[in-house]
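The primary structure of each chain is shown beneath.
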Amino acid sequence: MKISKIYTYPIKGMRATELEDAVVTKHGFPYDRRYMLLEVAEDGSYKNMAIAYYPLMSRYCPTINDDESFTLSFRPADGEEKSINIPLRPNVDGLEEVEVTMHKSPTKAYKMEQKYNDWFSSNFGFDCVLVYLGSDMRKVLMSVNGNAPKASAPGGWLSSISSKASQLVMGAGEQENKITFADCAPYLVVSEKSMDDVHSRMNDGSKYDIMKFRPNIIVSGAEEVWEEDFWGELTIDGKTKIECEHNCARCKSLNIDYDTGKPGTGESGSMLKKLASNRRVDPGMKWSPVFGRYSFLNADSEGNEIKVGDEVVVSKRNDERTKFDWEGLHTLK
């Protein structure tokens, strides 16, 4: 098996940037899901924006630049493209702090300057704000390496920058098992082989887009579909170990039409239901179908570099499927 694709997502819920290589850290790839959008409610409170409920997010495409920024292009299906440059590591001094809670795991984020919020608000047609995570990571509330979670708190990437990426990652020295605005783990690993089964569910003969599963690492060359359900550990290029801890349960984001930025119709617009017919295989998330593995970096692999084409070996295989056990989270919506 080999790595066929590597992706990072600068803003949660928006499209990915494809990388040729990347430095691995315990918090994920550099710059992965460090930003997030919040809708401003009438009472001034904030609501997390996720692609499942805000499908227009699928029309935003990021490109990493050489100057520690990224260009985000908004490409409406029926309108003119607009772009804005956003710093990868903004100076948070003087920025308003905002509490963000995802899956019962709270953290502190920073509300970006008004020019960014105005740009997004204009595109979406309602008030929203862009927030940056900074160094205050979210707590992981599920078991990792066999250890139960602690009690929760209240309430070519451009190869020119990959060599210094580990020094640029904010929060790289924090304690274990904390994550960014990624849902439940720093890495999502999927197997290209299992797309054979997914494609077979498309009765019109079309191919389903693997990017709708929002992977960080795509592995090619597996012998059987769904064998990744039992992956316990992957070793990349003989030295980087990725611990595959939990299955990834899926939500209605699978049904979004990325070409229109709207809920899908036809075959691809019913993929969640298609998978639910026989892929609800995790008793911890019994109402949601599974695709991919939530994964963590082995501590001894911190700062290693991986690249497309690297050999991947299953160095640990589980006898049974793992059971998802995020505190208080039993279904995804």
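For clarity, every value in this text was computed on a predicted model and none was experimentally measured. Sequence positions are assigned chain by chain, starting from 1 and proceeding in written order. With pLDDT at 70 or above as the cut-off, local features in this predicted model cover only qualifying residues; side-chain atom pairs require 80 or more to be listed or tallied, and sums for whole chains, interfaces and linings still use all residues. Excluded from the side-chain calculations are hydrogens and water; all other atoms, namely the structure's heavy atoms, are used.

A. Looking closely at the pairing of strand 11 (residues 128-132). Each residue gets one of three labels from its accessible area relative to the maximum for its type: buried under 20%, exposed over 50%, partly exposed in between, using a 1.4 Å probe on protein chains only. Each helix is a run of DSSP H or I of at least 4 residues and each strand a run of E of at least 2, with the numbering of both proceeding from the N terminus. When you tally the buried positions in strand 11, you get 5 out of 5 residues, the bulk of the element. The side-chain alternation of strand 11 yields two buried faces, one formed by Cys 128, Leu 130 and Tyr 132 and the other by Val 129 and Val 131. In short, DSSP must find at least two bridges between two strands for them to pair. Pairing of strand 10 (residues 105-111) with strand 11, which is carried by 2 bridges, proceeds in the antiparallel orientation. Bridge pairing in strand 11 places Tyr 110 opposite Tyr 132.

B. Just the pairing of strand 14 (residues 187-191), in detail. The buried fraction of strand 14 is high, at 5 of 5 residues. Covered by surrounding structure in strand 14 are Tyr 187, Val 189 and Ser 191 together with Leu 188 and Val 190, the residues of both alternating faces. Summarising the sheet, strand 14 and strand 20 (residues 290-297) pair through 3 bridges and their orientation is antiparallel. Along strand 20, the bridge assignment pairs Tyr 187 with Ser 295. Where strand 14 lies against strand 15 (residues 217-220), 3 bridges are found, and the strand directions are parallel.

C. Spatial organisation of the sheet that holds strand 11. An order of 5-4-11-10-9 is seen for the 5 strands of this open sheet, with the pairing classed as antiparallel. Here the strands that pair on one side only, and so sit at the sheet edges, are strand 5 (46-48) and strand 9 (97-102). Averaged over all adjacent pairs, the angle separating strand axes in this sheet is 45 degrees, with direction ignored. Pairing geometry for strand 9 and strand 10, over 6 bridges, is antiparallel. Bridged to Thr 101 within strand 10 is Pro 106. In what follows, residue pairs with any heavy atoms lying within 4.5 Å of each other are defined as contacts. Fitting a line to C-alpha atoms yields each axis, with helices limited to the stretch in contact; the angle taken between N-to-C directions then spans 0 to 180 degrees. Most of the contacts of helix 1 (residues 114-124) go to strand 11, to which it runs at about 135 degrees, and overall it touches strand 4 (35-40), strand 10 and strand 11.

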